Each structure stands twice: as C-alpha cells, then as structure tokens.
Amino acid sequence: MTKLVEWLVGVTVVLVGWAVVSFDLLDLRLPDTYREVAWPMPLYLLVSFGCYSLATVGYRVATFNDCEEAARELQEQIKEAKEDLRKKGLKM
C-alpha cells in the first residue's frame, strides 16, 4: 500500500466518524454536547496540523548540518571559473 493510499484511508475514516457524530447519520441519539464538540473538530485538526508542520520545519532548520567541506569546494570552483573566464577575455 502506498503512502497516498494510507493517508486517504486515514482521512476517510476520520471524516466518516466526524460525519456520523456531527449529523447523527446512524441515529445513535448521542447527546448534543457530542455534536457541539465534533462540529469544529476539522478546524482544530487543521490548526494542530499547521502547528506541527511549523514546529517540524523550525526544528529541521535549527538542526541543519553545515557542510564546511562542500562550502570550501564550492568556493574553489568559483575561483577556478573566474580564472577560466578571465583567460577567455571576460572582464569582471
């Protein structure tokens, strides 16, 4: 099963559960407080997902590894390219 199918199944299960509680589709005769809590649940989940995403991106940016060797190699390649262009007559 691909990751997309896993996510689609999970979202479908949550949406069906939300619809059953919010609209009382199965005549479960749940108390009104359940509906009042379930009705804004998609918004709460969306905000929670946004917070999680921001935290994940922030953590990954904060722990991003510096590549000192790659930076030196890139600087050397830039110097070589400039020298090569100067030899070919380009003035910088």
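Nothing here was measured: the structure is a model prediction, and the numbers come from that model.

A word on the UniProt feature "transmembrane region" (unreviewed entry) in the protein chain. The sites that carry the UniProt feature "transmembrane region" (unreviewed entry) are, in the present numbering, residues 7-23 and 43-62. Helix and strand shares over residues 7-23 are 100% and 0% respectively, and the end C-alpha atoms of the span are 24 Å apart. Helix makes up 100% of residues 43-62 and strand 0%. Its end C-alpha atoms lie 28 Å apart.

This next bit is on the domain arrangement of the protein chain. It is common to report an interface's size as the accessible area lost on association of the parts. As far as domains go, the protein chain holds domain 1 (1-39) and domain 2 (41-92). Using C-alpha coordinates to define each centre, domain 1 is positioned 41 Å away from domain 2.

This brings us to the packing of aromatic side chains. Applying the stated criterion across every chain yields a total of three aromatic pairs. An angle of 80° between the planes, with centres 5.7 Å apart, marks the rings of tryptophan 18 and phenylalanine 23 as edge-to-face. Among the aromatic residues, ring-to-ring pairing joins Trp18, Phe23 and Trp39 into one connected group.

Cut-offs applied
- For every chain, the first residue of its written sequence is number 1, and the numbers climb from 1 along that sequence.
- Only residues with pLDDT of at least 70 get local features here, since the model is predicted, and only at 80 or more are side-chain atom pairs given and counted; chain-wide, interface and lining totals rely on the full set of residues.
- No hydrogens and no water enter the side-chain calculation; it runs on all heavy atoms of the structure.
- UniProt positions are given in the numbering used here, feature names are shortened, and annotations may be inferred rather than shown by experiment.
- Numbering of helices and strands runs from the N terminus; a helix is a DSSP stretch of H or I covering at least four residues, while a strand is a stretch of E covering at least two.
- Domain delimitation follows an automatic or database domain assignment.
- Stacked, tilted and edge-to-face are the three classes assigned to paired rings of Phe, Tyr and Trp, where Trp is represented by its six-membered ring and a pair needs centres within 6.5 Å; plane angles under 30 degrees give stacked, over 60 edge-to-face, the rest tilted.

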